[in-house]
Structures are given as structure tokens and as C-alpha cells.
Amino acid sequence: MNATAIDSLRFTRHGDKQNSAFFEEYLVHILKERDLLGLTALIHEIDALMITVDPGHSIQYIAELSLMTSYHYLVTLESESHWTHILRIDLNSPDILLREVKDPNLRGIFRSLNEVYPVGAKKPNSRYMGEIIRVSNLHDVVKLQQAREFRFFSQDEVRKMEFPGNIAVSKPSPYTHNIVGYLERKPNELRVYALGMSVINPEVQAAYETSKNLQKKLHIDELLLPIDHLATRVYSQNREVAILEYLSLTSYHFWGAYNIFDQNSSTNVTKSVHGIPESKSPAKVFTANNTPYFVSHIEKLPSPTETFVRNYGPRLHHMAIAVKDGESGGLENIEFVVNAISEQGQGFLLDVIGSKEEGLKQIFSNASEHSSLIIEYVQRFGDFDGFFTQDNVAKLTEAAGHEESLNYAV
């Protein structure tokens, strides 16, 4: 695909959320410039997700993900201060790079992003870090992005932070606190992360195999599909700039936004312009309050999204896993999966919501004690091509808000 053939503004807009004149003006400027520079053509799918956990938590989290998702343990890359475990479904879906800090006293920029928030500080190294995105030409992409005022860690800084040396890493966003990494790779090349010594960790392997055997025994292994979307929560005043920044760094487009009035928030969706399915490059969702926290009491409206950000910091809230359409054991697949996992002790924030008539069903798990991330399951029925229903989002947001309020009270 060449740059002149790409029009990132060609997509139909969805939703009822009204954006500012600033957003609408600069959305056009940013996407037109991105297309013209050739960046849209150079930047492709999400290759990997980066997550860091505190010391002693990676094995349990891998066991959790191995049961609740379709990810497999591949290998561990050991460096001086971290173990980086590579989880993979296949080369048509993003990897997970799960980093465990060896020393609980290790200091760094990413820990500091947690420590200023009351709940985030309780797990100082536990956070979703961002995405690694495949590019055709790493040098050209970085040079073009630097000319657009984006800043990147130096190679020496990347080495000291023990990120893969073949990845260019942006400085953390002031709006989402996430980073974006660029990895040069041809479509059919294997993903290789230049970091440390490659080993198969026997403890990780044993935990992984136990979970996968259980997953198969529960008959849910064939029902769990790759990640559908990634949902980030930001402050109300940063909603528009966070979206515009992400569109500048990626080859995504603004799919649309819905006002969730009952929860005083909006849900905003971005997707790849390249026609790549979400299973290969998940949609990126941004959720924000409609009003800042200090006026919510005046409006007499709840503030679950802003409360989450005040407690944890702006960060990823949940990863949504697609569930295969169909039925198992006389139940819709999503209910069969949730029942099976619940019987193993995994909690969920509410019952499965939605219906076949509405086109999809959804549910949130409890937040992981290892990463603070929620797993969402979503099953779409038939040819339903929508992203969510407003009623579903309102119920999910309310349920998550109740749990987060309890966490803050602890």
C-alpha cells in the first residue's frame, strides 16, 4: 500500500459524543499530515503488549492468563534487573511481553508513575506499559516522528531500562502514561526481541502447563479467541488530546465516541486504517469522565472513570478477550466460559450482560492482583459488527467503579 492510496479520514464516524472544535480541526490536520508523510503506510499492526509486575508475581500471572486467555508461554529473556516472559498465541496476534522486576527496590521512571497515586503505589512496579508496533522502516518512522516533536529514549536509556535493543521507545505520554515502541519487521518475519539470555524457565513452564491442562479439561480452550480491544482510562480534560496523540503515533483512525450519560463518561474507539482485524491489531479505546472530579458533585452524577484515574493514574483498565460465537453445554459460549472459570475461584464484577438480540454479550472479571488489569469477555453474535451497546458500557463502568471504590477504601 503506498502513501497516496491511504485516506485515514475515509471512515464512517460512529457515536453521539460531541467533540470540541479543536478536536475536529486537528483530527483532520493530523491524519492528513500522517498520510502525506507516508507514516500511515510505514506503521502497521500492534506486535506486542508490554506489562510489568512486581517481584514474585509473574509466574502466578502467567498461570492466570494461561487459563483465562488463549496465550501460551514461549520463552523467558533474562537480563540483569528483569525477567521478560514472552507469551504468544501465534504470529497473527500480538505477543505479551511480561516483565518482572527482580529487585523490589529498583527505581525508575515507570515506578514513579505509580507512586503518586494511592492505589497504584501499593503495587509500585505493576503497570501496563504500552504497545510495540510493527513498522516497515524504523529509521524513517523515528526521524519523521521526531520532526513532529515526539521524543524517544536514547539507545543507552533503552539498554539501561532493559527494553529490547531493536525497539525504538517513545517517552511516556503525559496523557496516558503509556509508551509506544516501534519494531522493524517484514510481515512474514518472526518476532525477535533483542534482550538478555533466552531460557525456558521450568517454574513458569510448569505453571503454564497446569493452567492449559485445566483449560482443556474445562473445554474452554477452543472458545477463547485473541484480544479484541484495549481500554485506557484518562482524565476528563485529556480525552481529546490522548486520542489525537495516539492517532499521531500509530496508523489508527477515530472510529467514534459514545456518551455514557448515566456514568458521566464517554467511550472513544480507535481502529487500524489498514483493514486489519482486531484479533491481529486490537482496537484502542479511551474512556474519560465528562466532567472533572471537582464538579461531579455539582452535577449530581457518578464519577467512576475519574475516580479510577485518581486512584491508579492514567493507565490501561482492561483487556477484552473475544469469545467464539456459538453455544456449549446448552449455554452461550461466553456464559459457558465464565461459569467454568468462576468454578476455579475467579471472581467477576457482575453477571454476563447484553443479549443475542442486541448483538453481543460482555462481562468484566475482577482486577488481577498481579497486574491490576481486568479481563473483559465479549461474544458477538452472527454478523454483528458493532463495538458495544451504550447500556452494556454503562453497566460495566458502574460495576468496575464499585470495586475500585472498595480498593481505595482498603
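Residues numbered from 1 in each chain as written. Predicted model: local features only at pLDDT ≥ 70, side-chain atom pairs only at ≥ 80, totals over all residues. Heavy atoms only, no water.

Draft legend 1. Up close: unusual backbone geometry. Not every positive phi belongs to a glycine, and Glu 149 is a case in point at roughly 80°. Along the chain, Glu 149 falls in the loop between helix 5 (138–147) and helix 6 (155–161). For Glu 149, a relative accessible area of 66% puts it in the exposed group. Unlike most non-glycine residues, Lys 300 shows phi in positive territory, near 60°. Mapped onto the elements, Lys 300 comes out in the loop between helix 9 (293–299) and helix 10 (304–312). Residue Lys 300 is classed as exposed on the basis of its relative accessible area of 70%. (Helix = DSSP H or I, 4+ residues; strand = E, 2+ residues; numbered from the N terminus. Buried < 20%, exposed > 50% of the residue type's maximum accessible area, 1.4 Å probe, protein only.)

Draft legend 2. Fine view of the side chain of Ser 251. Mapped onto the fold, Ser 251 is located in the loop between helix 8 (239–249) and strand 11 (252–260). Among the polar contacts listed, one links the side chain of Ser 251 to the backbone oxygen of Ile 43, at a separation of 2.8 Å. At 3.4 Å, the side chain of Ser 251 forms a polar contact with the side chain of His 274. The contact partners of Ser 251, leaving out residues within four places of it in the chain, are Arg 34, Thr 40, Ile 43, His 44, Lys 271, Ser 272, Val 273 and His 274. (Polar contact = N/O pair within 3.5 Å; in protein donor to acceptor, adjacent residues only side chain to side chain. Contact = heavy atoms within 4.5 Å.)

Draft legend 3. Main features of the packing of aromatic side chains. According to the stated counting rule, one finds 11 aromatic pairs in the structure shown. Taking the centre distance of 5.1 Å and the plane angle of 70° together, the rings of Phe 23 and Phe 254 count as edge-to-face. Of the two residues, Phe 23 is situated in helix 1 (residues 21–37) and Phe 254 in strand 11; the sequence distance between them amounts to 231 residues. Relative accessible area serves as the criterion here: at 0%, Phe 23 is assigned to the buried category. Taken together through their ring pairs, the aromatic side chains of Phe 110, Phe 153 and Phe 163 make up a single cluster. Positioned over the ring face of Trp 83 is Lys 102, at 4.9 Å from the centre of the ring. Positioned above the aromatic ring of Tyr 246 is the side chain of Lys 284, whose terminal nitrogen or guanidinium carbon lies 4.1 Å from the ring centre. (Phe/Tyr/Trp six-rings, centres within 6.5 Å; stacked < 30°, edge-to-face > 60°. Lys NZ or Arg CZ within 6 Å of the ring centre and 35° of its normal.)

Draft legend 4. Seen up close, the pairing of strand 11. In terms of residue burial, strand 11 counts as a mostly covered element, since 8 of its 9 residues are buried. Judged from the 2 bridges that link them, strand 1 (residues 14–15) and strand 11 form a sheet pairing that is parallel. Residue Gly 15 lies in a different strand from strand 11, and its bridge partner there is Ala 257. Sheet topology places strand 11 next to strand 12 (residues 265–272); 8 bridges connect them, and they run antiparallel. What sits directly across from Phe 254, in strand 12, is Thr 270. What sits between the antiparallel neighbours strand 11 and strand 12 is a turn of 4 residues, in which Asn 264 has the positive phi angle 55°. (Pairing = 2+ DSSP bridges.)

Draft legend 5. The arrangement of the packing of helix 1 against helix 8 in detail. Where helix 1 meets helix 8, the closest approach of the two axes is 10 Å, and the angle between their N-to-C directions is 5°. Classified by the angle their axes make, helix 1 and helix 8 are roughly parallel. Contacts from Phe 22, Phe 23, Tyr 26, Leu 27, Ile 30, Leu 31 and Arg 34 in helix 1 reach Glu 240, Val 241, Ile 243, Leu 244, Leu 247 and Ser 248 in helix 8. (Axes fitted to C-alpha atoms, helices over the stretch in contact; angles between N-to-C directions. Parallel < 35°, antiparallel > 145°, perpendicular 65-115°, else oblique.)

Draft legend 6. Up close: the sheet that holds strand 1. Spatial ordering of the open sheet is given by 1-11-12-13-10-14-19-18-17, a layout of 9 strands whose pairing is mixed. Two strands close off the open sheet at either side, each with one partner strand: strand 1 and strand 17 (353–355). The pairing of strand 10 (residues 224–234) with strand 13 (residues 283–289) spans 6 bridges and is classified as parallel. The residue of strand 13 that forms the bridge with Leu 230 is Lys 284. Packing of helix 3 (residues 58–68) onto the sheet brings it into contact with strand 10, strand 14 (315–323) and strand 19 (374–380), and relative to strand 19 it is tilted by some 10°. Contacting strand 10, strand 14, strand 18 (360–364) and strand 19, helix 11 (residues 333–342) runs over the sheet at an angle of about 150° to strand 19.

Draft legend 7. Representation of the pattern of salt bridges. According to the stated counting rule, one finds 18 salt bridges in the structure shown. Between Glu 240 and Arg 239 there is a salt bridge, with the nearest N and O atoms lying 3.2 Å from each other. In this structure Glu 240 comes out as buried when scored by relative accessible area, which is 15%. The partner of Glu 335 in a salt bridge is Lys 361, with the nearest N and O atoms 3.2 Å apart. One end of the pair, Glu 335, is in helix 11; the other, Lys 361, is in strand 18, with 26 residues separating them in the sequence. Note on Glu 335: relative accessible area 23%, which makes it partly exposed. On the basis of relative accessible area, Lys 361 is assigned to the buried category, the value being 11%. (Salt bridge = Lys/Arg side-chain N within 4 Å of Asp/Glu carboxyl O.)

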